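Summary of structural features
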Amino acid sequence: MAKITLSIIKADIGSIGGHIKPSQRLLQVVENYIKEKRGNLIIDSYIGHTGDDIAILTTHKKGVLNEKIHKLCWNAFITGTDMAKKQGLYGAGQDLLKETFSGNVKGMGPAIAEMEIEERAAEPFLMFVADKTDPGAYNLPLYLAFTDPMYTPGFILSPQIRKGFKFRIMDVSYTQADKVIELNSPEEIYDIAALLRDNERFVVEGIWSRDSGEQAVSVSTTRLHNIAGKYVGKDDPVMLVRTQKDFPATGEILSPYTIGHYVAGFMRGSHSGPLMPVKINSSISFFDGPPVVSCLAFCLKDGKLTEPVDTFDHPYWDYVRNNVSRKAEEIRRQGFSGAAMLPMSELEYTGVMETLKELEKRFIIRKKQS
Ligand code: F6R
Ligand code: MG
Ligand code: MG
């Protein structure tokens, strides 16, 4: 059996009413493009949106970073952008940062999460799409699900899980090339935590089972401002996670999303807000947020996808959403002050720098009084 590749390629190419959600017509154009041009290149596909981001999931046998697969999705986004412009959608083509396609979409704006896998007899996996946040948003849930028996009882109950996982973590502040480190749990969990506490700099790129050697997780690590040289929008990350058997169970992977931990994003990509687990195709509202994450579960057979199951569409998550709303309201009560707004380096706007430069001229240094 040839290996199967799962690819998610995602971009914000325009939305209605600000950064809320793409139009039906825009989604249709992207979907039709993939349907019409797919030929024998892909085995199956799924297209959906979370907030203002459109994610294309494809299954194929071409491996990761494949030129033809990436070009198909890039062209679908280019064609979609024409429709977004025609409809006057906000931020049309926003995430397509380069003019010409060269090899693959890495470094061109869209977020990518891909995995080439040896398909298991049953192959359950999850597709996460988050909006109004950045790739570090997955750090804490991944750390908890892949190291902590408080969230993953599999560490106590399953001999396969007990062997631990290898984390590959990227320093996304290094822009000349990919700078990564590999660390093993459980021996190095404190080192893993020391890095993952800094969500804006260190981001989980992938996780592997130490029992089977198979890849469990792939996260998009794009930082748009590192490509464009300035802030052009939040990075709104996507992630693939395989579950069960040699990996944590689906419910174990989902359990940390009960926390609604504070992440970077929210209004103008410049605030801290709690990450709310939402139903697929949800839109954005309060304070251009709160930051949201959706998660679809699939099974795979010979590269063919089942229909998706919306994992956060359950009464339990209504209760979580209410708690997360409370957390959102609480931090919003302090407006721009302290922890509510991101540090200077993470603000999506440069206006405040100019204000500070101007104000600097008006400061006086008081003479020492003897
Ligand atoms: C993320 C998102 C926001 C915007 C930010 C800037 O999906 O939509 O992070 O990028 O609010 O918006 P503009 O460019 O409209 O000032
Ligand atoms: Mg946006
Ligand atoms: Mg977005």
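Everything quoted here is computed from the prediction, not taken from an experiment.

1. What about the coordination of the magnesium ion (ligand 3)?
Each angle at a metal carrying four tetrahedral donors should ideally be 109.5 degrees, and each at a metal carrying six octahedral donors should ideally be 90 or 180 degrees. The magnesium ion (ligand 3) binds to the protein through Asp 52 (OD), Asp 53 (OD), Asp 131 (OD) and Asp 236 (OD), with metal-donor distances spanning 2.0 to 2.3 Å. For the magnesium ion (ligand 3), the single-chain donor residues occur in sequence as D-D-x77-D-x104-D. The two metals, the magnesium ion (ligand 3) and the magnesium ion (ligand 2), are separated by 3.4 Å and share Asp 52 as a common coordinating residue. Remark: Asp 131 occurs in strand E5 (residues 123-131) and Asp 53 occurs in strand E3 (residues 53-60); sequence separation between them is 78 residues. For Asp 53, a relative accessible area of 0% puts it in the buried group.

2. So, the site of ligand 1
Neighbouring ligand 1 are His 19, Asp 52, Tyr 90, Asp 131, Lys 132, Gly 233, Lys 234, Asp 236, Arg 268, Gly 269, Glu 348 and Tyr 349. Within the side chain of Tyr 90, one N or O atom sits 2.6 Å away from an oxygen atom of ligand 1. Between Asp 236 and ligand 1, the recorded distance is 2.7 Å, taken from a side-chain N or O atom to an oxygen atom. Bound to the protein, ligand 1 loses 85% of the 410 Å² it would expose on its own. One can see that ligand 1 is located within the second largest pocket. Grouping the amino acids of the shell around ligand 1 by side-chain chemistry returns two nonpolar, three polar and seven charged.

3. Quick word on a nonpolar patch on the surface
A cluster of nonpolar residues, Met 344, Val 352, Met 353, Leu 356, Leu 359 and Phe 363, forms a patch on the protein surface that exposes about 520 Å² of accessible area. Position of Met 344 among the secondary structure elements: in the loop between helix H9 (315-332) and helix H10 (351-362).

4. Considerations on unusual backbone geometry
Between Ser 185 and Pro 186 the backbone carries a cis peptide bond, its omega angle lying at 10 degrees. Inspection of the secondary structure assignment puts Pro 186 in the loop between strand E7 (180-184) and helix H6 (189-196). Across the junction of Gly 289 and Pro 290, the peptide omega takes the value -10 degrees, indicating a cis bond. Positive phi, normally seen in glycine, also occurs at Lys 132, with a value near 60 degrees. With respect to the element layout, Lys 132 can be found in the loop between E5 and helix H3 (139-147). Even without being glycine, Phe 287 reaches a positive phi, approximately 50 degrees. Its location among the elements puts Phe 287 in the loop between strand E13 (276-277) and strand E14 (292-301).

5. Section: the pairing of E14
For E14, the buried fraction is high: eight of the ten residues fall into the buried class. One ladder, built from nine bridges, connects E5 with E14; its direction is antiparallel. Note on E14: the bridge partner recorded for Pro 124 is Cys 299. As paired elements, E13 and E14 share two bridges and run parallel to each other. In the sheet register, Met 276 faces E14, and the bridge partner there is Val 292. In this structure, E14 lies alongside strand E16 (residues 309-310), joined through two bridges in antiparallel fashion.

6. Focus: the coordination of the magnesium ion (ligand 2)
Taken together, Asp 12 (OD) and Asp 52 (OD) make up the protein donors of the magnesium ion (ligand 2), found 2.1 to 2.4 Å from the metal. We classify Asp 12 as buried; its relative accessible area is 2%. Under the relative-accessibility criterion, Asp 52 is labelled buried at 1%.

7. With respect to the layout of surface pockets
Empty space within the largest pocket amounts to approximately 830 Å³. Around the largest pocket, the lining is made up of 33 residues, and of these Lys 106, Met 170, Asp 178, Glu 205 and Thr 221 lie nearest the centre. Listed by contribution, the elements that provide at least two residues to the lining of the largest pocket are strand E4 (111-117), strand E6 (165-171), strand E8 (202-209), strand E9 (215-219) and helix H7 (224-228). In the lining of the largest pocket, the residues fall into 14 nonpolar, nine polar and ten charged. Estimates place the volume of the second largest pocket at around 340 Å³. Looking at side-chain class alone, the lining of the second largest pocket contains six nonpolar, four polar and eleven charged residues.

8. A closer look at the pairing of E5
When you tally the buried positions in E5, you get nine out of nine residues, the bulk of the element. Burial of the side chains of E5 extends over both faces: Glu 123, Phe 125, Met 127, Val 129 and Asp 131 are buried on one face and Pro 124, Leu 126, Phe 128 and Ala 130 on the other. Two elements, E5 and strand E10 (residues 238-242), share five bridges in a ladder whose sense is antiparallel. Bridged to Phe 125 within E10 is Arg 242.

9. Remarks on the nonpolar core
In terms of nonpolar packing, the biggest core is built from 45 residues, with Phe 128, Tyr 138, Leu 142, Phe 146, Val 217, Met 239 and Tyr 257 touching the most fellow members. In terms of residues, this core owes the most to one element, H3, which gives five residues. Apart from the residues lying within four places of it in its own chain, the contact partners of Leu 142 are Phe 167, Val 204, Ile 207, Val 217, Val 219 and Met 239. Residues Leu 26, Ile 34, Ala 84 and Leu 96 belong to the second largest nonpolar core, which totals 26 residues.

10. Structural notes on the environment of Asn 322
Looking at the secondary structure, you find Asn 322 in helix H9. In this structure the C-alpha to C-alpha distance between Asn 322 and Cys 295, which are 27 residues apart in sequence, comes to 18 Å.

11. What to know about the packing of H3 against H6
For any two helices packed against each other, the geometry comes down to the angle between their axes and how far apart the axes lie. Between H3 and H6, whose axes approach to 10 Å, the crossing angle comes to 170 degrees. On the basis of the axis angle, H3 is roughly antiparallel to H6. Note on element contacts: H6 touches H3 through Ile 189, Ile 192, Ala 193 and Leu 196, opposite Asn 139, Tyr 143 and Thr 147.

What counts as what
Residues numbered from 1 in each chain as written. Chains lettered and ligands numbered in written order. Predicted model: local features only at pLDDT ≥ 70, side-chain atom pairs only at ≥ 80, totals over all residues. Heavy atoms only, no water. Donors = N, O, S within 2.8 Å, 3.2 Å for Na, K, Ca; no water. Helix = DSSP H or I, 4+ residues; strand = E, 2+ residues; numbered from the N terminus. Buried < 20%, exposed > 50% of the residue type's maximum accessible area, 1.4 Å probe, protein only. Near = heavy atom within 4 Å. Polar contact = N/O pair within 3.5 Å; in protein donor to acceptor, adjacent residues only side chain to side chain. Areas by Shrake-Rupley, 256 points an atom, 1.4 Å probe, with all protein chains shown as cover. 1 Å grid on protein atoms, 1.4 Å probe; cavity = no way out; pocket = protein on both sides within 12 Å on 5 of 7 lines; lining within 4 Å. Sits in = over half its atoms within 2 Å of the grid points. Nonpolar A, V, L, I, M, F, W, Y, C, P; charged D, E, K, R; others polar. Patch = residues over 30% accessible without salt bridge, like charges linked within 9 Å, V, L, I, M, F, W, Y side chains within 5 Å. Salt bridge = Lys/Arg side-chain N within 4 Å of Asp/Glu carboxyl O. Pairing = 2+ DSSP bridges. Points joined across faces, edges and corners; volume = space filled by probe spheres on them. Core = buried A, V, L, I, M, F, W, Y, C linked by side-chain atoms within 4.5 Å. Contact = heavy atoms within 4.5 Å. Axes fitted to C-alpha atoms, helices over the stretch in contact; angles between N-to-C directions. Parallel < 35°, antiparallel > 145°, perpendicular 65-115°, else oblique.

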